[in-house]
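Here is how the chains run, residue by residue.
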Amino acid sequence: MKAFMDTFINNQQKPNQKPHVVVTYPGYQSLYGNLESDGADVTYWKAQYDNKSGWYFDIRHLQQVIKPHTKLLVVNFPHNPTGWVPSLQQWNEVVNICKEKKIFLFSDEMYRLSNNDNSEALPSACSLYENAVTLSGLSKTFALPGLRIGWLCTQNKAMMLKFQSFKDWLTICMSSPSEILAIIALRNQPWILQHTMGIIHSNLEQLDTFFTIYSEFFEWHRPPASTISFIKLKPKLLGKANGSVSDWCERLAQDAGLLLLPSSVYDYDDSFVRIGFGRKGMKETLSVLERYILK
């Protein structure tokens with residue numbers, strides 16, 4: 001992000017005008033927090049929630065928040081924490097907006113290849129637009145966060161030189177064992193993805209059943225991709241927590257030893273919780289949750 005900011009500040013026609021950036025929201029704090037701390041004027045492209053269909057991002061809203069001096073669009077699809085992913089048509093619309101407006105595009109694709117609705121993964125942003133930068137890695141869909149291996153890809157050679165220069169101040173070299181294990185993982189991508197998606201599909205089936213049974217407590221919409229979802233808690237469940245999702249999650253952690261992330265952690269409306277379903281053990285986890293909500 002500092003490489004982006006350096007580029008935008010140096011290229012500003014009006015020296016006192018902050019570079020304007022649009023960022024998907026809610027989301028991983030680094031995607032917008034670093035930009036804000038570096039002096040950008042950040043506008044959120046906010047996820048919308050529909051009680052009947054769940055989460056989505058409105059392309060029309062994106063067009064409304066873009067300004068004449070917008071320099072960068074930061075997106076994260078599949079989206080953390082909602083699990084939403086645009087259709088190919090919608091994705092092309094987003095990329096074309098950036099092309100037409102001459103806006104740089106930073107695409108966080110850490111959850112790419114995790115589509116669970118039998119749809120194909122979207123083409124990476126860096127393959128569609130010369131001024132797009134793709135961030136990805138092995139922590140999510142490849143289930144190898146311990147390797148601490150990720151990458152940036154772009155067709156923009158000048159931007160890549162800036163990334164390389166900035167990285168020299170942070171890391172001299174990567175861990176050799178991590179690099180070797182990462183190469184092994186990438187060479188065995190089909191097997192790893194099949195293994196990961198097998199776990200995800202099994203967990204989603206269990207979650208579908210659980211939330212159907214307890215629909216009086218939870219509002220569940222199966223996400224089309226990723227290993228996470230942002231689900232709404234209903235008033236009947238929150239009665240013992242003064243209507244607060246944050247308080248309910250804190251009591252759940254203290255009394256049952258089960259951790260769910262309240263939406264307030266994202267500085268978002270205190271009505272949702274983020275759940276993860278990328279690991280084994282969902283049956284035992286749901287048993288704990290069931291005992292807690294029925295006691």
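Structure's up top.
Analysis parameters
- Residues numbered from 1 in each chain as written.
- Predicted model: local features only at pLDDT ≥ 70, side-chain atom pairs only at ≥ 80, totals over all residues.
- Heavy atoms only, no water.
- Salt bridge = Lys/Arg side-chain N within 4 Å of Asp/Glu carboxyl O.
- Helix = DSSP H or I, 4+ residues; strand = E, 2+ residues; numbered from the N terminus.
- Buried < 20%, exposed > 50% of the residue type's maximum accessible area, 1.4 Å probe, protein only.
- 1 Å grid on protein atoms, 1.4 Å probe; cavity = no way out; pocket = protein on both sides within 12 Å on 5 of 7 lines; lining within 4 Å.
- Points joined across faces, edges and corners; volume = space filled by probe spheres on them.
- Nonpolar A, V, L, I, M, F, W, Y, C, P; charged D, E, K, R; others polar.
- Pairing = 2+ DSSP bridges.
- Axes fitted to C-alpha atoms, helices over the stretch in contact; angles between N-to-C directions.
- Core = buried A, V, L, I, M, F, W, Y, C linked by side-chain atoms within 4.5 Å.
- Contact = heavy atoms within 4.5 Å.
- Parallel < 35°, antiparallel > 145°, perpendicular 65-115°, else oblique.
- Left-handed = near helix turned anticlockwise from the far one by under 90°.
- Expected span 1.5 Å × (residues − 1).
- Arc of directions from axis to C-beta.
- Right-handed = clockwise from strand over helix to strand, strands pointing away.

1. Quick look at the pattern of salt bridges
Then step 1. Enumeration according to the criterion identifies four salt bridges in this entry.
Then step 2. One salt bridge in this structure joins E216 and K236, with 2.4 Å as the shortest N-O distance. Note that E216 is positioned in the loop between α7 (189-213) and β9 (218-219) and K236 in helix α8 (residues 235-238), a separation of 20 residues in sequence.
Then step 3. On the accessibility criterion, E216 (38% relative accessible area) is partly exposed.
Then step 4. We classify K236 as exposed; its relative accessible area is 56%.

2. Points about empty space enclosed by the protein
Then step 1. Inspection of the entire model under this criterion finds one cavity of 30 Å³ or more.
Then step 2. A volume near 90 Å³ is recorded for the largest cavity.
Then step 3. For the largest cavity, the full set of lining residues is F77, P78, V85, W91, S107, E109, R112, N115, A121, L122, P123 and S124.
Then step 4. Residue composition of the lining of the largest cavity, grouped by class: seven nonpolar, three polar and two charged.

3. Here's the deal with the layout of surface pockets
To find the voids left in a structure, one rolls a probe of water-molecule size over its atoms.
Then step 1. Considering only enclosed or pocket space, the second largest pocket measures out at about 210 Å³ in volume.
Then step 2. In terms of lining residues, the second largest pocket is bounded by F217, K236, L237, G239, K240, A241, W248, R251, D255, Y292, I293 and K295.
Then step 3. The residue inventory of the lining of the second largest pocket, partitioned by class, reads six nonpolar, one polar and five charged.

4. So, the sheet that holds strand β7 (residues 132-137)
Then step 1. Taken in spatial order, the six strands of this open sheet run β2-β1-β5-β6-β7-β8, and their pairing is mixed. Two strands lie at the open edges of the sheet, namely β2 (41-46) and β8 (150-154), each paired on one side alone. Sheet twist, expressed as the average angle between the axes of neighbouring strands with direction ignored, equals 20 degrees.
Then step 2. The pairing of strand β1 (residues 20-25) with β2 spans six bridges and is classified as parallel. The partner of H20 across the bridge, within β2, is D41.

5. Notes on the nonpolar core
Then step 1. Ranked by internal contacts, the top residues of the largest apolar core, which has 45 residues, are W45, L62, L73, W91 and L105.
Then step 2. Ranked by residues supplied to this core, first place goes to helix α4 (residues 88-101) with five residues.
Then step 3. Once residues within four sequence positions are removed from consideration, W91 is found in contact with V75, F77, P86, L105, S107, E109, L122, P123, A125 and L128.

6. Observations regarding the packing of α7 against helix α10 (residues 282-294)
Then step 1. Contact geometry of α7 with α10 gives a least axis separation of 10 Å together with a crossing angle of 20 degrees. For the element pair α7 / α10, the angle class is roughly parallel. Two packed elements cross with a definite hand, and for α7 against α10 that hand is right-handed. Of the residues in α10, those in contact with N203, Q206, L207 and F210 of α7 are M282, K283, L286, L289, E290 and I293.
Then step 2. In terms of residue class, the contact of α7 with α10 is built from six nonpolar, two polar and two charged.

7. Some points on the packing of helix α9 (residues 245-256) against α10
Then step 1. Interaxial distance between α9 and α10 falls to 11 Å at its minimum, and their mutual angle equals 110 degrees. The orientation of α9 relative to α10 falls into the category roughly perpendicular. Crossing handedness for the pair α9 and α10: right-handed. Contacts between α9 and α10 involve W248, R251, L252, D255 and A256 on the former and, on the latter, V288, L289, Y292 and I293.

8. Quick look at α10
Helical geometry note: an α-helix holds 3.6 residues per turn, so side chains three or four residues apart project in the same direction.
Then step 1. In this model, α10 (13 residues) spans 18 Å end to end at C-alpha, consistent with the 18 Å of a helix rising 1.5 Å per residue.
Then step 2. Taken together, the buried positions of α10 are M282, L286, L289, Y292 and I293. Down the axis of α10, the sector holding all buried residues measures 120 degrees, keeping them to one side. The outward face of α10, more than 90 degrees from its buried face, is lined by the exposed residues K283, E284, R291 and L294.
Then step 3. Each element contacted by the buried residues of α10 is listed here: α7, β9, α8, α9 and β12 (272-276).

9. Notes on the pairing of strand β6 (residues 104-108)
Then step 1. Most of β6 is tucked away, with five of its five residues classed as buried.
Then step 2. By the bridge criterion, five bridges tie strand β5 (residues 70-76) to β6 in an arrangement that is parallel. Residue pairing across strands places V75 opposite S107, the latter belonging to β6.
Then step 3. The parallel pair β5 and β6, bridged by α4, forms a crossover whose chirality is right-handed.
Then step 4. Across four bridges, the pairing between β6 and β7 is parallel.

Note that all results are geometric; they support no functional claim without further evidence.
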